[in-house]
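Survey of secondary and tertiary structure
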Amino acid sequence: MIYKDMSIVLAVGHHKRIQGAKSKEYGVTEWQVNHSLVKGVAEQLTRDKWRVFTLYDISMTRKVKAINKIAPDIAIDFHLNAANGIVEGHEALYWYQSEYGKMLAEAMCRNVTINRDRGAKPVEHENGSYFCRTVRAVTVVWESAFIDNPKDYHIFDLHKGELVEQICAGLRAYCFERFQLDSRQPLLTGMTQGGDQP
């Protein structure tokens, strides 16, 4: 398995004191509901022989420092979106200069089919940009669904087990694509923002 011994940090977005967006209909926050999703992904990747680290209740600045100290291959911050109660679907945010971040975001979006694919989105100053810019690993901010859209949130909640499998499939796909790309070019040293080699 080309992804054996890959290291990854799975972080729950927000923390206990600031829990992010909330569903009025279901009375839950994105910080609360992402616990089980991160736990499920972590368990599946551990079975696949990844080295998995999880962060559940930590502020953004401390989170970035912790991830950079771990120095994983990949880091994902799990969130749920919110807009106007109508928008739906999943998306992945990546640092706009990161080739590998884009590759990871696209692989994850492509493999998740439980709801509408809103695609991989580059960020520079938008929400998610601080995490994507300051974490030195290949990094994605993952948005599974819109918590303020009752239909979209219900689909997310009902199919969370499938979502776990699909996220893991996206991570495997990224590893395969990255292996193919790296095998065709000389290895370089030194890392830039977003976990890319210069």
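Look up: the structure comes first, before these words.
Residues numbered from 1 in each chain as written. Predicted model: local features only at pLDDT ≥ 70, side-chain atom pairs only at ≥ 80, totals over all residues. Heavy atoms only, no water.

Attention now moves to the pairing of strand E5 (residues 74-81). Buried residues dominate E5, accounting for eight of its eight residues. Judged from the five bridges that link them, strand E1 (residues 7-12) and E5 form a sheet pairing that is parallel. Among the inter-strand pairings, Leu-10 is bridged to a residue of E5, identified as Ile-76. Bridging between E5 and strand E8 (residues 138-146) involves seven bridges; their strand directions are parallel. Opposite Phe-78, over in E8, you have Trp-142 as the bridge partner. (Buried < 20%, exposed > 50% of the residue type's maximum accessible area, 1.4 Å probe, protein only. Helix = DSSP H or I, 4+ residues; strand = E, 2+ residues; numbered from the N terminus. Pairing = 2+ DSSP bridges.)

For the rest of this paragraph, the subject is the packing of helix H1 (residues 30-47) against helix H6 (residues 160-183). Remark: H1 packs on H6, axes separated minimally by 9 Å, with the N-to-C direction vectors making an angle of 50°. Put simply, H1 runs oblique to H6. When you trace H1 past H6, the crossing you get is right-handed. Residue-level inspection shows Val-33, Ser-36, Leu-37, Gly-40, Val-41, Gln-44 and Leu-45 of H1 in contact with H6, the latter providing Lys-160, Leu-163, Val-164, Glu-165, Ile-167, Cys-168, Leu-171 and Arg-172. (Axes fitted to C-alpha atoms, helices over the stretch in contact; angles between N-to-C directions. Parallel < 35°, antiparallel > 145°, perpendicular 65-115°, else oblique. Left-handed = near helix turned anticlockwise from the far one by under 90°. Contact = heavy atoms within 4.5 Å.)

Contact geometry of helix H3 (residues 99-111) with H6 gives a least axis separation of 8 Å together with a crossing angle of 140°. Classified by the angle between their axes, H3 and H6 sit oblique to one another. H6 is crossed by H3, and the crossing has right-handed handedness. Each of Glu-99, Tyr-100, Met-103, Leu-104, Ala-107, Met-108, Arg-110 and Asn-111 in H3 lies in contact with H6, whose residues at this interface are Gln-166, Ile-167, Ala-169, Gly-170, Leu-171, Ala-173, Tyr-174, Glu-177, Arg-178, Leu-181 and Asp-182. Counted by class, the contact of H3 with H6 contains eleven nonpolar, three polar and five charged residues. (Nonpolar A, V, L, I, M, F, W, Y, C, P; charged D, E, K, R; others polar.)

Turning our attention to the environment of Asp-77. Here Asp-77 lies in strand E5. A polar contact of 2.9 Å, which involves the side chain of Asp-77, links it to the side chain of His-79. (Polar contact = N/O pair within 3.5 Å; in protein donor to acceptor, adjacent residues only side chain to side chain.)

Before going further, it helps to spend a moment on the nonpolar core. Leu-10, Ile-74, Ile-76, Trp-142, Ile-167, Leu-171 and Tyr-174 are the most contacted members of the largest nonpolar core, which totals 45 residues. Looking at this core, the elements with two or more residues in it are E1, H1, E5, strand E6 (90-95), H3, E8, helix H5 (150-158) and H6. In terms of residue count, the dominant contributor to this core is H6 (nine residues). Apart from the residues within four sequence positions on either side, Ile-167 is in contact with Leu-37, Val-41, Phe-78, Met-108, Val-112 and Trp-142. Counting residues in each nonpolar core, the second largest holds 15 residues, with Val-9, Ile-58, Val-135 and Ala-137 among its members. (Core = buried A, V, L, I, M, F, W, Y, C linked by side-chain atoms within 4.5 Å.)

Let us now look at the packing of aromatic side chains. Inspection of the entire model under this criterion finds three aromatic pairs. Between the aromatic rings of Tyr-26 and Tyr-153, the centroid separation amounts to 4.9 Å while the plane-to-plane angle is 55°, which identifies the pairing as tilted. Taken as a pair, Tyr-26 in the loop between strand E2 (22-23) and strand E3 (28-29) and Tyr-153 in helix H5 lie far apart in primary sequence, 127 residues in all. Accessibility expressed as a relative area gives 3% for Tyr-153, which makes it buried. Note on Tyr-153 and Phe-156: the rings are 5.7 Å apart at their centroids and 45° apart in plane angle, and the pair reads as tilted. Of this pair, Tyr-153 and Phe-156 both sit in helix H5, three residues apart, roughly one helical turn. Residue classification places Phe-156 among the buried residues on the basis of a relative accessible area of 0%. An aromatic cluster of at least three residues, connected via ring pairs, comprises Tyr-26, Tyr-153 and Phe-156. The ring of Tyr-100 carries Arg-178 above its face, with NZ or CZ at 3.5 Å from the centroid. (Phe/Tyr/Trp six-rings, centres within 6.5 Å; stacked < 30°, edge-to-face > 60°. Lys NZ or Arg CZ within 6 Å of the ring centre and 35° of its normal.)

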